[in-house]
Amino acid sequence: MRRTLYDKLFDSHVVRTESDGTALLYIDRHLVHEVTSPQAYEGLKLAGRRPWRVSSVVATADHNTPTKDWDQGIRDPISRTQVETLDANIRTYGAKVYFPFLDKRQGIVHVIGPETGATLPGMTVVCGDSHTSTHGAFAALAFGIGTSEVEHVLATQCLLMKKAKSMLVRVDGRLAQGVTAKDLVLAIIGRIGTAGGTGHAIEFAGSAVRALSMEGRMTVCNMAIEAGARAGMVAADDTTIDYVRGRPYAPRGADWDRAVALWCGLVSDEGATFDTTHVFDAAAVQPQVTWGTSPEMVVPVDGRVPDPDRERDTTRRDGYAKALAYMGLKPNTPITDIAVDKVFIGSCTNSRIEDLRAAAAVARGRKVASNVRLALVVPGSGTVKAQAESEGLDRVFRAAGFEWREPGCSMCLAMNDDRLEPGERCASTSNRNFEGRQGAGGRTHLVSPAMAAAAAIAGRFVDVRRLS
Amino acid sequence: MQPFRLHTGVVVPIDRANVDTDAIIPKQFLKSIKRSGFGPNLFDEWRYLDHGEPGMDNAKRPENPDFVLNQPRYRGASILLARANFGCGSSREHAPWALADYGIRALVAPSYADIFFNNCFKNGVLPIVLGDSEVSRLFDATLAFPGFSLTVDLERQTVATRDGSMSFGFAVEPFRKKCLLEGLDDIGLTLLHADQIRAFEARRLAEQPWIA
Ligand code: SF4
C-alpha cells in the first residue's frame, strides 16, 4: 500500500492498538518547560512513579523568564517559583539535558530542540505546548499535549491516541521576492480557517515548500496548530539532513550513515492518498497582515480591513464585529493606514537566525519611527543570540533604535514583563493575535520578521518591498 | 478522576465561535504550580471589569454584568453551550481545570480544538459534539427559558431536556467512554502493558540508538 509520511511516522510508533482503534504510541522525545510540567511531576510523585526513560527528556525554562536584567534574577515571585519548581523537578527526576534560566544555551523550547539536534527526523516529539508542531519540519511526528498527557508520557513513555486524518497542503511554484514562509502560512490559514485542519495531520509539500530553508519550514509547521491541526510536517530531503548534520545530539560516524539511510524514506509514497488536499499557488501569495483576533482574520498588506456587514453568516458577522471593536479598527480601512505602537520580533515562529537576518536587512541604516514606543528583538535562544551577535546584527538593530534582549518567549504571550498596555497596537512576528494574548487589551497584528521591521521603520504597516 | 455517568444541570450559552484557551483562562494564571483553584478566573477578562492577577481576592472584584456567567439566570450552571472550534489555541490544561473547578461538567458545541477536547476527558469534563442546527436549537431554548437545563446520560449517549421534548444522541469513543464512566486513571491502564512497551522500546533503541 502507498503510505503517507504521516502513516509511516504513526505506524512505526504503535506499541499496541485497542479494539476501538486507540493506539498506544511510543514517544521518542519529550520536551519539557516550566508552565505545563509542575502538575505533571506532582502527579508522578503522588502516585510514587518514576520517569520511564529519562534520556527522552529535554527541558528548558522559557515562558516566564525575563529578557533583560538577568543579573537581577526573576523578580516576579510567582514566575520564579515556577522556574525553581522545574529546577527542582529536573534535579529529582533527571533529564538528558536541561537548559535552565541563565544557561547560555537556554531559549524557547521549539528553537533549542532543533538547534541542538534533540529533534531528529523520524521521531515522535511531544511537549506540553501546542506549538510542538514546529518540529514536524524535520519529518517528525510532533504535537502538543496537555499536562495530564505530560504526566502520562513521563510515566509510560507512551500516549493513547487515535490516528488523525491526513491533509496535504501542496504549494506549487515559487514565492515572490520579499514574501516569506510566514506570509505563506498566514495565507494558508486565511483560506482554510483556524478549524480547517481540525482532526488532521497536515503535510506541507510542493515546490515552494521544498525550496524553504529549515527555518522557513519550522515557521510553517509552527502555525499548523493555528489552522487547527495538531501536527504539521514536511518530508525529509537534503535540506533536512544538511541542517541536522553535526548538531550536538545528532548521530555521528556509522550511526549517522544508518540514520540518513532511514531518514531518506521519510516521504509520502508517490500516489499516496490524503483525506483532504488543498493546493496553493506560491506566486499569488503577498505579504500578509492579520487585522482581527484570530489568525484566520488576515489580508494581504495592500488589502483593507473587511466590512462585517458584507458577511452573510451571522456567527461570522458577529465575530468580525467583535474583532473590529476589540482591535479599534473601522471597516474598509487600508492596512497601510494602520499605525503601530510597538513591534515584537521573536517567538518560536520567527526568532531563528534567518528571521533576525531578514529583519536586520530591513532595519540596516534606517531608524525606528518616532511614534513607535518600543521595538523589541528577542532571539529564540542563547545560541541564536550568539550567532546574531557574531554577525553584528545586534548592532544593526540597536543603531536603528530596536532593543536587543535575552532569549525567551517574551511578548509572544506576555507572562514576563514584556507586554502591551491596553489599547496598544503591535506588529508581531508571533503566532497568536487572540484578545489579550500580548497583554490585556493589547492589539496584535501578525506579520513576518521583514514586515515587522518595516512597520517599525515606517511607524505603520507597509509592504516591505516598497519601503523607501 | 471523578467519574461521569449521568448529569443534570443548568445550561450557560457562550455565543461566539473560536473561543480560545487564552480567553478561557488568561496566561497570568498559568504561573500556578497547582491543578486547582482556577475556577474564579474562568473567562477572567470577560467576567470582571478590572484586570485580574493571581492572588487577588476575586470575591471583591467588580463583575461585568453583561457577561453570561454573571447573569442570575445562569448562576450555578454546569453545562456550557458553545459554538464551533471551542478551546482552540494553547494546549494549556488549565482551561479544562478552570471549567471543572468552576463546576462545568459537560460542554455542548458543534466542534472543539483537538488538544482541548483530549484534555477535557482527562479531567472528567465531557465535551459533547452535536450538529450545528441542534446546537442552534439549544441556544434558542437556553435564551427563551430561564433556568433551562439538560440531562446528559453518558451510558446511553444522549443529551435531553427533562420533559423529553428535545433529545439528541451523541458519539463518544468507546475507550474514552469507559475511562470516564469508571473514572479510570489511564496511566495505570497503560502500565498494564509495561512489558509490551519495554519490548517495543528495546527493539527501537537497538535499531536507532541515536534516539536515546
Ligand atoms: S514563543 Fe510563544 S507560542 Fe512559542 S512556546 Fe513560547 S509562548 Fe508558546
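Scoring rules and cut-offs
Residues numbered from 1 in each chain as written. Chains lettered and ligands numbered in written order. Predicted model: local features only at pLDDT ≥ 70, side-chain atom pairs only at ≥ 80, totals over all residues. Heavy atoms only, no water. 1 Å grid on protein atoms, 1.4 Å probe; cavity = no way out; pocket = protein on both sides within 12 Å on 5 of 7 lines; lining within 4 Å. Points joined across faces, edges and corners; volume = space filled by probe spheres on them. Helix = DSSP H or I, 4+ residues; strand = E, 2+ residues; numbered from the N terminus. Nonpolar A, V, L, I, M, F, W, Y, C, P; charged D, E, K, R; others polar. Near = heavy atom within 4 Å. Sits in = over half its atoms within 2 Å of the grid points. Contact = heavy atoms within 4.5 Å. Buried area = accessible area lost by both parts, 1.4 Å probe. Salt bridge = Lys/Arg side-chain N within 4 Å of Asp/Glu carboxyl O. Polar contact = N/O pair within 3.5 Å; in protein donor to acceptor, adjacent residues only side chain to side chain.

What exactly am I supposed to notice about the layout of surface pockets here?
The space that makes up the second largest pocket amounts to roughly 680 Å³. Around the second largest pocket, the lining is made up of 34 residues, and of these A:Thr315, A:Gly319, B:Arg16, B:Ala17 and B:Asn18 lie nearest the centre. Looking at the lining of the second largest pocket, the elements with two or more residues in it are α11 (314-327) of chain A together with α1 (21-24), α2 (44-47) and α5 (132-144) of chain B. Counting residues per element, the lining of the second largest pocket draws most heavily on α11(A), at 8 residues. A breakdown of the residues in the lining of the second largest pocket according to their chemical character gives 13 nonpolar, 8 polar and 13 charged.

What exactly am I supposed to notice about the site of the ligand here?
Residues and elements named next belong to chain A. Neighbouring the ligand are His63, Ile108, His110, Asp129, His131, Ser347, Cys348, Cys409, Cys412, Leu413, Asn431 and Arg437. Spatially, the ligand is embedded in the largest cavity. Class assignment of the residues belonging to the shell around the ligand gives a composition of 5 nonpolar, 5 polar and 2 charged.

What is the right way to read the interface of chain A and chain B from this model?
Where interface size is given, it is often the accessible area lost as the parts come together that is meant. If you look at the interface, chain A gives 77 residues, while chain B gives 58 residues. Taken together, the two surfaces of chain A and chain B that pack against each other cover about 5600 Å², and 56% of this comes from carbon and sulfur. Our enumeration of links across chain A and chain B arrives at 7 salt bridges. A salt bridge links A:Arg49 to B:Asp185, with the nearest nitrogen and oxygen atoms 3.3 Å apart. At the junction of chain A with chain B, the criterion picks out 35 residue pairs in polar contact (both at pLDDT 80 or more). Listing elements by their share of the side of chain A that touches chain B, those giving two or more residues are β1 (14-17), β2 (23-26), α2 (38-46), α3 (77-93), α5 (147-156), β8 (158-161), α10 (253-263) and α11 of chain A.

Whenever I open this one, empty space enclosed by the protein confuses me. Can you help?
By rolling a water-sized probe across the atoms, one finds the places where empty space is left. Summed over all chains, the structure comprises 2 cavities of 30 Å³ or more. There is about 220 Å³ of room inside the largest cavity. Lining of the largest cavity is provided by 22 residues; of these, A:His63, A:Asp129, A:His131, A:Leu413 and A:Arg437 occupy positions nearest its centre. Of the residues contributing to the lining of the largest cavity, the split by class is 8 nonpolar, 10 polar and 4 charged. Volume-wise, the second largest cavity comes out at about 130 Å³. For the second largest cavity, the lining is made up of 15 residues, of which A:Ile225, A:Gly228, B:Cys88, B:Gly89 and B:Ala113 are closest to its centre. Within the lining of the second largest cavity, the residues separate by chemical class into 7 nonpolar, 6 polar and 2 charged.

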